[in-house]
Amino acid sequence: MADAIDRRGFLKLSAALAAGSAAGFSCVEVARAAPPEIPTVDTLSLRVLIDSAHDQFLKPATVQGVFHQPPGNGRGADYRKVLHNQWGLSLFAESKAAGEARTILLDFGYSPEALLNNIEILKVDPTKIDALIVSHGHHDHYGGLTGFLDRYRDTLSPDLKLYAGGEDNFCHRLSPVGATGQFTDFGQLDRRELAARRVATVLCEAPTVVAGHAFTTGQIKRSSIERVLPNTFVERGIKDGLGCDATHYSPAELQGKIIPDEHVHEHATCFNVKGRGLVVISSCGHVGIINSVRQAQAVSGVEKVHAIVGGFHLGPAPKEYLTQVVGEIRALEPDVVIPMHCSGLNFALGAQAQMPDHVIVPTTGSRLTFGA
């Protein structure tokens, strides 16, 4: 989509990355700005590898054509091993189209211990993975990545790629504490660790097709009533080879300044399911879940929304604002809304109140099937 990103900024980023490669960055590509041809899949299955809770008493249910298979007791062959829950998200996406299967791992939870444990217990096959996607640069979404690669890299495709929303993924992030101006470290994704593990990074500021089945939204236009709720701060720049290139940003975002995080790099992962419509996965939704869905519609040309899935970052939302956002979601007429992670119990209850026949609340270990 030609206007999905600021072209001047895109070209500036391309030049910056070219210069950065000479300075030691490696394995970085920039997605093209031309509009992609949006694929259609016949079926999609999402396995929740990591979320914040596990409920062994959930019952199987089909809601508006989406089948939710609950996780059961969550124990492995060794009864002393059980699913790990944590503040974070990781989804194992398996799709089929015209007899061809693709597998994408979207986000990696907070820690490798939880991710590796749950992969073993849920018996998903990581060797099938065709691509990796990171939704944004928060540790609870990339924390398990390098540990996952240390365990499985040699069994994965030699040309494996990580699709990230933009250069901002690699910036240093901090959490505010105590008095104004005081922060604790919240880490940063290190591209050097990815290069050392032979993983190429694709910066998807433009909409990008992934593994022939999924597509990303690119930078998300902010046109709804939504606002970024307070969360992390960000420091742009590179220190000792670690960080993000600050030349891509405006004078108000100069290198070395600590500023509120606007999540300019966050993108959503989407599938167009045949005969059903869009499945839009917003892993954290800092830029707004309505904005994310509208961007997916604009990118794909598909108006019908089958499912809105993932983290919507509405846990900290004031009641009146939450009610308004839920009303806007209802106006999009999705078949189902599937909140996870940072969506908040308040959102789940609010959505069930306004859309009682259209909500699924899964937990760690759940499997969601679309288009079966």
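These figures come from a predicted structure and were not determined experimentally.

What counts, and at which threshold
- Residues numbered from 1 in each chain as written.
- Predicted model: local features only at pLDDT ≥ 70, side-chain atom pairs only at ≥ 80, totals over all residues.
- Heavy atoms only, no water.
- Disulfide = S-S within 2.5 Å.
- Helix = DSSP H or I, 4+ residues; strand = E, 2+ residues; numbered from the N terminus.
- Salt bridge = Lys/Arg side-chain N within 4 Å of Asp/Glu carboxyl O.
- Buried < 20%, exposed > 50% of the residue type's maximum accessible area, 1.4 Å probe, protein only.
- Core = buried A, V, L, I, M, F, W, Y, C linked by side-chain atoms within 4.5 Å.
- Contact = heavy atoms within 4.5 Å.
- pLDDT = per-residue confidence, 0-100.
- Pairing = 2+ DSSP bridges.
- Axes fitted to C-alpha atoms, helices over the stretch in contact; angles between N-to-C directions.

A few words on the state of the cysteines. Counted by the stated rule, this structure contains 1 disulfide. Paired by a disulfide, Cys171 and Cys244 hold their sulfur atoms 2.0 Å apart. Since a negative S-S torsion denotes a left-handed disulfide, the Cys171-Cys244 link at about 100° is right-handed. One end of the pair, Cys171, is in the loop between strand S8 (161–164) and strand S9 (172–176); the other, Cys244, is in strand S16 (residues 242–244), with 73 residues separating them in the sequence.

All told, the structure shown has 16 salt bridges when counted by the stated rule. With a shortest N-O distance of 2.7 Å, Asp150 and Arg197 are connected by a salt bridge. Of this pair, Asp150 sits in helix H4 (residues 145–152) while Arg197 sits in the loop between helix H5 (191–196) and strand S11 (200–203), and the two are 47 residues apart along the sequence. For the salt bridge of Asp261 with Arg173, the shortest nitrogen-to-oxygen distance reads 2.5 Å. Of this pair, Asp261 sits in the loop between strand S17 (258–260) and strand S18 (269–273) while Arg173 sits in strand S9, placing them 88 residues apart in sequence. One continuous salt-bridge network, built from bridges that share partners, spans Asp168, Arg173, Arg236 and Asp261.

Take unusual backbone geometry next. Backbone geometry at Glu333 places phi at a positive 55°, although glycine is not the residue there. Tracing the backbone shows Glu333 in the loop between helix H7 (319–331) and strand S21 (336–340). One non-glycine residue, His341, lies in positive phi territory at about 50°. One can find His341 in the loop between S21 and helix H8 (345–354). On the accessibility criterion, His341 (6% relative accessible area) is buried.

Ranked by size, the top nonpolar core spans 34 residues in total, and within it Leu132, Phe148 and Leu149 carry the most contacts. Secondary-structure elements contributing two or more residues to this core are strand S2 (43–50), helix H2 (112–122), strand S7 (131–134), H4 and S8. With 6 residues, H2 is the largest single contributor of residues to this core. Other than its neighbours up to four places away in sequence, Leu132 contacts Leu105, Phe108, Leu145, Phe148, Leu149, Leu160, Lys161, Leu162 and Tyr163.

Taken as a whole, the protein shows an average pLDDT of 90; of its residues, 90% reach a score of 70 or greater. Across residues 1–26 the pLDDT falls below 50, and counting only partners more than four positions away or on other chains, this stretch makes 40 contacts in the model.

Here we come to the sheet that holds S17. Within a sheet, adjacent strands bond to each other through the backbone by hydrogen bonds, running parallel or antiparallel. One open sheet accounts for 4 strands, arranged S10-S9-S14-S17; its pairing is antiparallel. Since the sheet does not close on itself, it has two edges, and those belong to strand S10 (183–185) and S17, each with one partner. Pairwise comparison of adjacent strand axes, ignoring direction, gives a mean angle of 40° for this sheet. Pairing analysis gives 3 bridges linking S9 to strand S14 (residues 233–235), with the strands arranged antiparallel.

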